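Letter by letter, the chains look like this.
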Amino acid sequence: HTLGLVTSNLSLHAPSQIAAAIKSQASKLHFNVVMSMIEQPDLNACKNAVNGLLSQRVDGLIVNIPLEDEQAQAIRAMCGTVPVLFVDVSPELATHSITFDAVTGAHLAVEHLVAQGHKQVALLCGPQDSVSARLRQQGWQQALAKHHLNAVAQLQGDWSSLSGYLQTLALISLNTPFTALLVANDQMALGSLRALNESGLSVPKHVSVVGYDDTEDSACFIPPLTTIKQDFKALGSASVDRLIALIHSGDLPLQATVLAVTLIERKTTA
Ligand code: IPT
């Protein structure tokens, strides 16, 4: 028995840890995993990857590519009777999916900063072609608005640590005062910490930073990163278990499962 995984670029920490978790759970249940990686999110690349895996006769597919609703439907249609589970789509989409609760994650981060007295919060968002990045951004904005606050600046990176570094330097050069920075993923936050450090801004004394993901390295950043944990091991096992259930029993009712996220308080906020 073989599962197919179509994944975003594995040089990103989150997709790589998700792939590892899927692989471990599949091995436990004696399933093989064949994988196809896409460099940049792109519908045609995703379709080609899916076709490639279908031609290898996979029994089911997990798709970890950020997809808009119509794009996911198009992929679903290509697969015919082969079950497909999406992990980076809108939780509102009527399809088989397991995603993380982005809105609550964003709210937890804002509430944490507000409780510490922060009022000047800047946002470093993820790429706008990712539904998860947009949901985190909207969640931050809503949660700030509840406290009658507006982000003092909004920048956008591409999930990489280099983009986090460069965008944080750009933010600093705006000369807009900010005491806290919400970052859409830990990898960009790593770059932010370097930019702040090089600019003589001490974390958390001058600026607090909250990441998103809690990838395995985040506890070893300097300082250890306060972040929103998405439990990638839980996602890996839940998605393999669900896909195997779909393989065994064909048409289960569509289910969009949303996994909870938690705040992990470390040393970058005060
Ligand atoms: C999402 C990560 O949070 C982000 O850091 C980035 O790696 C992105 O994946 C790449 O697509 S996790 C996803 C399951 C929403």
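Remember, predicted model here, so these are calculated numbers, not experimental data.

Cut-offs and rules
- Residues numbered from 1 in each chain as written.
- Predicted model: local features only at pLDDT ≥ 70, side-chain atom pairs only at ≥ 80, totals over all residues.
- Heavy atoms only, no water.
- Near = heavy atom within 4 Å.
- Polar contact = N/O pair within 3.5 Å; in protein donor to acceptor, adjacent residues only side chain to side chain.
- Areas by Shrake-Rupley, 256 points an atom, 1.4 Å probe, with all protein chains shown as cover.
- Helix = DSSP H or I, 4+ residues; strand = E, 2+ residues; numbered from the N terminus.
- Core = buried A, V, L, I, M, F, W, Y, C linked by side-chain atoms within 4.5 Å.
- Buried < 20%, exposed > 50% of the residue type's maximum accessible area, 1.4 Å probe, protein only.
- Domains from an automatic or database assignment.
- Contact = heavy atoms within 4.5 Å.
- Axes fitted to C-alpha atoms, helices over the stretch in contact; angles between N-to-C directions.
- Parallel < 35°, antiparallel > 145°, perpendicular 65-115°, else oblique.
- Left-handed = near helix turned anticlockwise from the far one by under 90°.
- Nonpolar A, V, L, I, M, F, W, Y, C, P; charged D, E, K, R; others polar.
- Expected span 1.5 Å × (residues − 1).
- Disulfide = S-S within 2.5 Å.
- Phe/Tyr/Trp six-rings, centres within 6.5 Å; stacked < 30°, edge-to-face > 60°.
- Lys NZ or Arg CZ within 6 Å of the ring centre and 35° of its normal.
- Pairing = 2+ DSSP bridges.

What follows concerns the site of the ligand. Around the ligand, the structure places 14 residues, and the nearest of them are P15, S132, R136, N185 and D213. Between the ligand and the protein, one listed contact pairs an oxygen atom with a side-chain N or O atom of Q230 at 3.3 Å. Surface burial for the ligand is 97%, taken as the share of its 400 Å² of free accessible area covered by protein chains. Broken down by secondary-structure element, the contributors of at least two residues to the shell around the ligand are α1 (13–28) and α5 (131–146).

Attention now moves to the nonpolar core. Residues W140, F178, L181, L182 and V209 are the most contacted members of the largest nonpolar core, which totals 60 residues. Looking at which domains feed residues into this core, each of domain 1 (2–100 + 231–259) and domain 2 (102–229) supplies at least three. With residues near it in sequence (within four places) discarded, F178 still touches Q120, A122, V152, L171, I172, L196, H206 and V207. In this structure, C46, V82, V84 and F86 belong to the second largest nonpolar core, which totals 20 residues.

A few words on the packing of α1 against helix α8 (residues 232–249). The interhelical angle for the contact between α1 and α8, taken along N-to-C directions, is 50°, at an axis separation of 8 Å. In terms of their interaxial angle, α1 and α8 are classed as oblique. Here α1 runs over α8; the crossing is right-handed. When α1 is examined against α8, the residues A14, Q17, I18, A21, I22, Q25 and A26 are found in contact with a partner set consisting of F232, K233, L235, G236, S237, S239, V240 and D241. Here the contact of α1 with α8 is composed, by residue class, of eight nonpolar, five polar and two charged.

Bringing unusual backbone geometry into the picture now. The omega angle of the peptide bond from V203 to P204 is 5°, so this bond is cis rather than trans. On the secondary structure map, P204 appears in the loop between α7 (186–198) and β9 (208–210). In this structure, W159 is a non-glycine residue whose phi angle is positive, near 85°. Topologically, W159 is positioned in the loop between β7 (153–156) and α6 (161–173). By relative accessible area, which is 15% here, W159 ends up buried.

Let us look at α5. Helix length check: α5 (16 residues) gives 22 Å between terminal C-alpha atoms against 22 Å at 1.5 Å per residue, within 8%. Those residues of α5 not exposed but buried are V131, S132, A133, R136, Q137, G139, W140, A143 and L144. H148 sits one or two positions beyond α5 and adopts a positive phi of about 55°.

Our next topic: the state of the cysteines. Per the counting criterion, the structure on display carries zero disulfides. Left unpaired, C46 is separated from the closest cysteine sulfur, that of C79, by 8.9 Å. According to the relative accessible area criterion, C46 is buried, its value standing at 0%.

On to the packing of aromatic side chains. The full count for this structure, using the stated rule, is one aromatic pair. With a centroid separation of 5.9 Å and an interplanar angle of 80°, the aromatic rings of F100 and F232 are classed as edge-to-face. Here F100 is found in strand β5 (residues 97–100), whereas its partner F232 is found in helix α8, with 132 residues between them in sequence. Exposure class is identical for F100 and F232. Each is buried. Taking the ring centre of Y165 as reference, the NZ or CZ of R194 above it sits at 4.0 Å.

Strand order in the open sheet formed by four strands is β7-β6-β8-β9, and the pairing between neighbours is parallel. Either end of the sheet is taken by a strand with one partner, and the two such strands are β7 and β9. Along the sheet, successive strands turn relative to each other by an average axial angle of 15°, direction set aside. The pairing of strand β6 (residues 121–125) with strand β8 (residues 180–183) spans four bridges and is classified as parallel. The residue of β8 that forms the bridge with L124 is V183. On the sheet, α5 packs against β6, β7 and β8 and is oriented at approximately 165° with respect to β6.

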